[in-house]
Amino acid sequence: MRMCLGCGEMKPKKELIRAVKSPEGEISLDLTGKKSGRGAYVCPNAECLRLARKAKRFEKSFECRISDEVYDNMERELNERQ
């Protein structure tokens, strides 16, 4: 079980999408679940991603500042997946 950074609900890992911060510091969505690095989870809908972005939960989890461009790329990937 993992917690969504957007809505805060506990869900099975397979129902959530993992965002990952690579060892190089790059942040992206991990749609395969196999990328190495620090992970944080979000529901597979744009609203939870927006909630997590607004509350800066990804920034707290990854302990770094995340640019708007990275968030926009994550939202675009999420929308393409649906």
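This text goes with the structure placed above it.
Cut-offs applied
Residues numbered from 1 in each chain as written. Predicted model: local features only at pLDDT ≥ 70, side-chain atom pairs only at ≥ 80, totals over all residues. Heavy atoms only, no water. Helix = DSSP H or I, 4+ residues; strand = E, 2+ residues; numbered from the N terminus. Rg over C-alpha atoms; globule rule 2.2 N^0.38 Å. Contact = heavy atoms within 4.5 Å. Areas by Shrake-Rupley, 256 points an atom, 1.4 Å probe, with all protein chains shown as cover. Lys, Arg positive; Asp, Glu negative; His and termini not counted. Charge placed at Lys NZ, Arg CZ, Asp CG, Glu CD. Pairing = 2+ DSSP bridges. Buried < 20%, exposed > 50% of the residue type's maximum accessible area, 1.4 Å probe, protein only. Salt bridge = Lys/Arg side-chain N within 4 Å of Asp/Glu carboxyl O. Expected span 1.5 Å × (residues − 1). Axes fitted to C-alpha atoms, helices over the stretch in contact; angles between N-to-C directions. Parallel < 35°, antiparallel > 145°, perpendicular 65-115°, else oblique. Left-handed = near helix turned anticlockwise from the far one by under 90°.

Peer 1: Please give an account of the overall build of the protein that cites residues and values.
Peer 2: Across its full length, the protein holds three helices and five strands. Taking 82 residues into account, the globule formula puts the C-alpha radius of gyration at 12 Å, and the protein, at 11 Å, falls close to it. With the C-alpha coordinates of the protein rotated into their principal frame, the extents come out at 30 × 25 × 25 Å. In the protein, the proportion of contacts linking residues at least 24 apart, taken out of those at least 6 apart, comes to 47%. Summed over its atoms, the accessible surface of the protein is roughly 5,200 Å², and 47% of this surface lies on carbon and sulfur atoms. Averaging the positions of the 18 positive and the 14 negative side-chain charges in the protein gives two centres separated by 5 Å.

Peer 1: I'd like a rundown of the pairing of strand β4 (residues 27-30), residues and numbers included.
Peer 2: In terms of strand pairing, strand β3 (residues 17-21) meets β4 through four bridges, oriented antiparallel. What sits directly across from A19, in β4, is L29.

Peer 1: Break down unusual backbone geometry for me, with residues and values.
Peer 2: Here K56, not a glycine, exhibits a phi torsion of approximately 60°, which is positive. Here K56 is to be found in the loop between α1 (46-54) and α2 (57-62). The phi torsion at E63 lies on the positive side, around 55°, for a residue other than glycine. Here E63 lies in the loop between α2 and α3 (68-81). Relative accessible area serves as the criterion here: at 73%, E63 is assigned to the exposed category.

Peer 1: Before we move on, could you go through the pattern of salt bridges and cite the residues and values that matter?
Peer 2: In this structure the tally under the stated criterion is six salt bridges. R53 is paired through a salt bridge with D72; the nearest N and O atoms lie 3.3 Å apart. Separated by 19 residues along the polypeptide, R53 in helix α1 and D72 in helix α3 bring together distant segments of the chain. Its relative accessible area of 25% is what places R53 among the partly exposed residues.

Peer 1: Please set out α3 residue by residue, giving values where relevant.
Peer 2: Over its 14 residues, α3 extends 20 Å from the first C-alpha to the last, a length consistent with the 20 Å expected when each residue adds 1.5 Å. Those residues of α3 hidden inside the fold are in contact with β3, β4, α1 and α2.

Peer 1: How would you summarise the packing of α1 against α3 if you had to cite specific residues and measurements?
Peer 2: Packing of α1 against α3 brings their axes to within 10 Å, and their N-to-C directions diverge by 165°. Relative to α3, α1 is oriented roughly antiparallel. Judged by the sense of rotation from one axis to the other, the crossing of α1 with α3 is right-handed. Between α1 and α3, the contacting residues are A46, L49, R50 and R53 on the first element and D68, Y71, D72, M74, E75, L78 and N79 on the second.

Everything listed here is a matter of coordinates, which is why it stays silent on function.
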